[in-house]
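Structure assessment
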Amino acid sequence: MNNTKKMLSQAYECVEDGNFDDALDLYDLVLKSEPANVSALIDKGVTLQNMGRIKLAIRSYNKALLISPANLDALLNKGTALHSDQKYVEAIKCYDEILKIDKKCTMALAYKGLSLGEIGQLQDALKHFKKALSIDKGFDLANISKDLAQDLLKSIKEQTKTL
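A brief look at the structure comes next. Not measured: the values here are computed from a predicted model. (Residues numbered from 1 in each chain as written. Predicted model: local features only at pLDDT ≥ 70, side-chain atom pairs only at ≥ 80, totals over all residues. Heavy atoms only, no water.)

1. A short note on the overall build of the protein
- Secondary structure assignment for the protein yields 9 helices and 0 strands.
- The order of α-helices and β-strands along the protein, N terminus first, is α-α-α-α-α-α-α-α-α.
- Dimensions of the protein, computed from C-alpha atoms along their principal axes, come out at roughly 65 × 30 × 25 Å.
- Classification of the 163 residues of the protein by burial places 42% in the buried group.
- In the protein, of all internal contacts separated by at least 6 residues, the share reaching a separation of at least 24 is 40%.
- In the structure as shown, the protein presents an accessible area of about 9500 Å², 51% of it carried by carbon and sulfur atoms.
- Across the protein, the centroid of the 23 positively charged side chains sits 8 Å from that of the 22 negatively charged ones. (Helix = DSSP H or I, 4+ residues; strand = E, 2+ residues; numbered from the N terminus. Buried < 20%, exposed > 50% of the residue type's maximum accessible area, 1.4 Å probe, protein only. Contact = heavy atoms within 4.5 Å. Areas by Shrake-Rupley, 256 points an atom, 1.4 Å probe, with all protein chains shown as cover. Lys, Arg positive; Asp, Glu negative; His and termini not counted. Charge placed at Lys NZ, Arg CZ, Asp CG, Glu CD.)

So, in structure tokens, the structure goes:
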């Protein structure tokens, strides 16, 4: 195993053990010698995101996307980071990029549904959850979110009837 792979493996173990700062140090070491290492940039972003450092995570994903613009992992993680930062429209743009590349990416469909739900587009959100479930019937996130969206829509309809 070469030195880079060894350091990335050690960083992964640090993350698994909750030693995020040590993992970041290892990612930075890798990036010092290989600034275009997309895996290190994405994994660093995920680690930063786990630490709640969303803006830095997005910056790391953006660097990965400059090197590899169609990288699905970088796009998906950037979308989830933007969603966490309540930038739902920007998150949706990331998911749309993924869906241009892979129309059947269940994660992108479900996450897009979540972001659509956050901006009040429940019908569209429901459509995306259903599409994700048509591809993967056991996808819990899509299933739970679909049920929630249906309940919200039902509740809204009942409220408008009583007005």
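2. Quick notes on the pattern of salt bridges
- For the structure shown, the criterion picks out 6 salt bridges.
- A salt bridge links D85 to K87; the nearest nitrogen and oxygen atoms lie 3.3 Å apart.
- When its relative accessible area of 33% is taken as the criterion, K87 is described as partly exposed.
- Salt bridges sharing partners connect three or more residues here, namely K55, D85 and K87. (Salt bridge = Lys/Arg side-chain N within 4 Å of Asp/Glu carboxyl O.)

3. Considerations on the packing of aromatic side chains
- Scanning the entire structure with this criterion turns up 1 aromatic pair.
- Between Y95 and Y111, the aromatic rings sit 6.1 Å apart at their centres with planes inclined by 40°, giving tilted as the arrangement. Of this pair, Y95 sits in helix α6 (residues 88-101) while Y111 sits in helix α7 (residues 106-118), and the two are 16 residues apart along the sequence. (Phe/Tyr/Trp six-rings, centres within 6.5 Å; stacked < 30°, edge-to-face > 60°.)

4. So, the nonpolar core
- Of all hydrophobic cores here, the largest spans 40 residues; its most connected members are Y27, I98 and A108.
- Taken together, the elements giving at least two residues each to this core come down to α1 (3-16), α2 (20-33), α3 (38-50), α4 (54-67), α5 (72-84), α6, α7 and α8 (122-135).
- With residues near it in sequence (within four places) discarded, A108 still touches L76, Y95, I98 and L99.
- I92, A125, L126 and A149 belong to the second-largest nonpolar core, a separate cluster that totals 8 residues. (Core = buried A, V, L, I, M, F, W, Y, C linked by side-chain atoms within 4.5 Å.)

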